[in-house]
Each structure stands twice: as C-alpha cells, then as structure tokens.
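Below, each chain spelled out in residue letters.
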Amino acid sequence: DYLINSKLSKLDNVQVLVSGYVGNYKDIEEIDLACILGNILDNAIEAQENIIGKKRIELHFLQKNSSRVIVCKNTISQSVLKQNKELKSSKQSSEFHGLGHQIVESTVQKYNGIVNYYEDESENMFGVQIVIPMQ
C-alpha cells in the first residue's frame, strides 16, 4: 500500500484507478514485489509527463485460476510498441535508463511468471500484464 500510495499521490491532473484484491503474495519476496510494482508504476507515471490532455493510470489486481495478475495501463499519445517494440529508453544516457522493464521481466521469470506488453488503440492506452502462478 505504501509504495503504491507514495508514487501515485504525487500526481497532478492524472486520473488514477486502482482496483481489485491484491490477495496472497507471501511466496514472493517483498523486495521482488516492490521491484515489480515500483518499476511499472514509475514507467506509467513518467509516460504521463509528455501527455497533453486527459491523463490516466490504472492498476488492477486480479486472480485467475491459480495465478495472480497485475495489470498497469497508462495513457499514451502515440503507439509505443510500433516505434519501440523493445522498449528501449529514449533518454540521452540510455545505458543508465530503461532497465526497469528488464528488472520486471527477470523478477517475474524468477517466479515462473510472464510479462505481456500491449496497447489499446481505442483508448490510447499502453499496458503491461504480469501473470505469476501461485506456488
């Protein structure tokens, strides 16, 4: 709760929706869960800095069958995946940036999970879906 609230409470003029039931994550180390949530939220928040008009971040927690699902979506002004399928940083010192996706993917893989990036063009949203099986 603290991590999510501390990151999202700093936002101005961004509609924020957090939904779902977090459920049982006791089999995942706290530092790993913080890495996953911290990185996906940092990326969503940073993406809103360049948005003119309606800004939105959604964070959903679901449980499907025997897996936990985390979905984070944020507003985009143009397709991210068409121009940058590998999600490489566009910052000048890119060797020190753009590691968040790699950290998320390796941490999720540690728990036999998967990460899926997608876009919803009808809503101008970029999303990341993380599925982690229950142990």
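Scroll up to find the structure.
For every chain, the first residue of the written sequence is number 1, and numbering continues from 1 along that sequence. Local features in a predicted model are, by the rule used here, given only for residues with pLDDT of at least 70; side-chain atom pairs are given and counted only at 80 or more, and totals for whole chains, interfaces and linings are based on all residues. Side-chain metrics rest on all non-hydrogen atoms present in the structure, leaving aside hydrogens and water.

Caption draft 1: Structural view of the nonpolar core. Only buried Ala, Val, Leu, Ile, Met, Phe, Trp, Tyr and Cys residues count toward a nonpolar core, and they belong to the same one when joined by side-chain atoms within 4.5 Å. Any residue under 20% of the maximum accessible area for its type is buried, any over 50% is exposed, and the rest in between are partly exposed; the area is computed with a 1.4 Å probe on protein chains only. One finds I40, L59, I70 and I130 to be the most contacted residues of the largest nonpolar core, which totals 27 residues. Elements with a contribution of two residues or more to this core: helix 1 (2-8), helix 2 (30-48), strand 2 (56-64), strand 3 (67-75), helix 3 (100-110) and strand 5 (125-133). Runs of H or I in DSSP of at least four residues are treated as helices and runs of E of at least two as strands, each being numbered from the N terminus. Broken down by element, this core gets its largest block of residues, seven residues, from helix 2. Here, two residues are considered to be in contact whenever any of their heavy atoms come within 4.5 Å of each other. Among all residues touching L59, those that are not within four sequence positions of it are I4, L17, V18, S19, I40, L41, I70, V71 and C72.

Caption draft 2: Helix 2, seen in detail. Here helix 2 spans 27 Å end to end across 19 residues, near enough to the 27 Å set by a 1.5 Å rise per residue. Inspection of helix 2 places D32, L33, I36, L37, G38, N39, I40, L41, A44, I45 and Q48 among the buried residues, and these make up the whole buried set. Where the residues of helix 2 are buried, they touch helix 1, strand 2, strand 3, helix 3 and strand 5. Multiplying one less than the number of residues by 1.5 Å gives the expected span of a helix.

Caption draft 3: Representation of the sheet that holds strand 3 within the structure. For two strands to be treated as a pair, DSSP must find no fewer than two bridges joining them. One open sheet accounts for five strands, arranged 1-2-3-5-4; its pairing is mixed. Both edges of this open sheet fall to strand 1 (15-20) and strand 4 (114-120), since each of them pairs with a single strand only. Ignoring strand direction, the axes of neighbouring strands in this sheet form an average angle of 15°. Across six bridges, strand 1 lies against strand 2 in parallel orientation. If you follow Q15 over to strand 2, its bridge partner there is R56. All axes are obtained by fitting lines to C-alpha atoms, using only the stretch in contact for helices, and the reported angles, taken between N-to-C directions, cover 0 to 180 degrees.

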